[in-house]
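This is what each chain is made of:
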Amino acid sequence: MSRPRIPVGGYGEIAFIQRAKGKVEARTRFRDWDGQTRLVQATATSRPAAEVELKRRLAERNAFQPVDTTLAPDSPFPALVEYWLADLDLEARIAPATRFNYERDMNRLVLPAFRGYALREIGVARCDALLKELGKQSYARSKRAKTVLRLAFGLAVRHEVIHRNPIDGVARLHKPKRTPTALTATEVNAIRAVIKAWEQSRGTSGPNPDGQVGQIVEVMLGTSARIGEVLAISRGDLDLTTTPATLRICGTVISERGVGTYRQEHPKTDRFNRVIALPSFTAEALRRRLAIMADHSLDALVFRSREGTPLTTANVRRQLRKVLGDAGIDGVSPHMFRRTVATVINEQASLNLASELLGHTDPKVTIEHYIRRNEQVNPLTAELLDAAFAQDDVGKP
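Not measured: the values here are computed from a predicted model. (Residues numbered from 1 in each chain as written. Predicted model: local features only at pLDDT ≥ 70, side-chain atom pairs only at ≥ 80, totals over all residues. Heavy atoms only, no water.)

Next up on the list: the UniProt feature "domain: Core-binding (CB)" (unreviewed entry) in the chain. If you check UniProt for "domain: Core-binding (CB)" (unreviewed entry), the listed places come out as residues 75-157 in our numbering. Along residues 75-157, the helical share is 81% and the strand share 0%, with 14 Å between the first and last C-alpha atoms. (UniProt positions renumbered as here; feature names shortened; annotations may be inferred. Helix = DSSP H or I, 4+ residues; strand = E, 2+ residues; numbered from the N terminus.)

Encoded structure:
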């Protein structure tokens, strides 16, 4: 009967050979991660010392394995979570904010349900039940849980810890139908008037408004840029000398736990870099802002705090919500201005132009998430049908 083959990353029986001057050699055959079996040996003054040294060398050799063999089908689910997060950090391919959101969603949505299970005990049925339970709370929670589960189990499949990803077999999530909300011109002008009145007011305590909220809104209305992209605009991104003036969107403001708020040198992804022609009202708002800036360097942020630090998106959202809420206008967020711009460009020009302005690579994203459906059918249809079917004596007594 043939001898069992040594598994990859394992070694065979340790043999000892007496050498000159009282030395002892310990040796064994180790199967490397390329599948080849090689002799590994160590020499010391005694048999136990030689064995210890040999095992130390085997451990060092084992450290070059491509995967963590301590992770097995019987490993607890939290061990996979730790391994997956460490792999994300090793690859360093996702934005810090995305990494933070993944860990948060795993801890809040998945671990409470799966903490006590081993990997082999979590199959399609358990995952499907969890996602349905979360779906009762909201579609978004279920979708986020499905995303992190697919990524974590996907890593376990690639590293041959489990044979298949249970998320591949769960039921499809059904997103509730909703129509993107957008503002009308009348609503936009009402918001402008409220912000202008607030900025012209003078309080009895604290710093007075410096005009930035209104100018930020004008930039969002003229560019469809995300709030983080607007807050990341620097002097060097603007060219207000041309007709029309232009703005290069090439960064975004990030608030990272343990790091603070800073300008990231690209938008949501590198593909979202774009140069936008500015309407006159946006160019004028930016000229007013530049005129009062003390820092004339090209990398100076156009919108920033009184200490010169980047504004956080959370603070701008909170300020806008308070100003409009005090005037009885609720439900307006910075992203609503982005949807409003997309809706106007789609109605006045085309879907493709709206998608290009928003920085989308797929117009389907634009129409699904950003454009308010227009229920009014083009009245040209009436003229066409009259020409085709109207009778000469229609309307005659």
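Moving on from the model shown.
Along its 15 residues, helix H11 (residues 334-348) runs 22 Å from first to last C-alpha, staying within 8% of the 21 Å computed at 1.5 Å per residue. Among all positions in H11, only Pro 334, Met 336, Phe 337, Arg 338, Arg 339, Thr 340, Val 341, Ala 342 and Thr 343 are buried. (Expected span 1.5 Å × (residues − 1). Buried < 20%, exposed > 50% of the residue type's maximum accessible area, 1.4 Å probe, protein only.)

This part covers the environment of Glu 256. Mapped onto the elements, Glu 256 comes out in strand E6 (residues 252-256). Between the alpha carbons of Glu 256 and Pro 96 there is a distance of 6.8 Å; along the sequence they are 160 residues apart. The residues touching Glu 256, leaving out its near neighbours within four places in the chain, are Pro 96 and Tyr 262. (Contact = heavy atoms within 4.5 Å.)

Attention shifts here to empty space enclosed by the protein. Going through the model one piece at a time under the given rule, you end up with one cavity of 30 Å³ or more. Taken together, Val 213, Ile 216, Val 217, Met 220, Val 316 and Leu 320 make up the lining of the largest cavity. Counting residues per element, the ones that place at least two in the lining of the largest cavity are helix H7 (212-223) and helix H10 (313-326). Partitioning the lining of the largest cavity into residue classes produces six nonpolar, no polar and no charged. (1 Å grid on protein atoms, 1.4 Å probe; cavity = no way out; pocket = protein on both sides within 12 Å on 5 of 7 lines; lining within 4 Å. Points joined across faces, edges and corners; volume = space filled by probe spheres on them. Nonpolar A, V, L, I, M, F, W, Y, C, P; charged D, E, K, R; others polar.)

In total, this model carries 20 salt bridges according to the counting rule given. As a salt-bridge pair, Lys 132 and Asp 128 come within 2.6 Å of each other at their nearest N and O atoms. Linking Lys 132 with Asp 128, this pair stays in helix H4 (residues 124-137), spanning four residues, or about one helical turn. Judged by its relative accessible area of 18%, Asp 128 falls in the buried class. Via salt bridges that share partners, Arg 19, Glu 25 and Arg 27 belong to a single interconnected network. (Salt bridge = Lys/Arg side-chain N within 4 Å of Asp/Glu carboxyl O.)

By the secondary structure assignment, Leu 90 is in helix H2 (residues 77-91). Looking at Leu 90, the relative accessible area reads 71%, which means it is exposed. The spacing of Leu 90 and Arg 338 is 248 residues in sequence and 35 Å in space, taken between C-alpha atoms.

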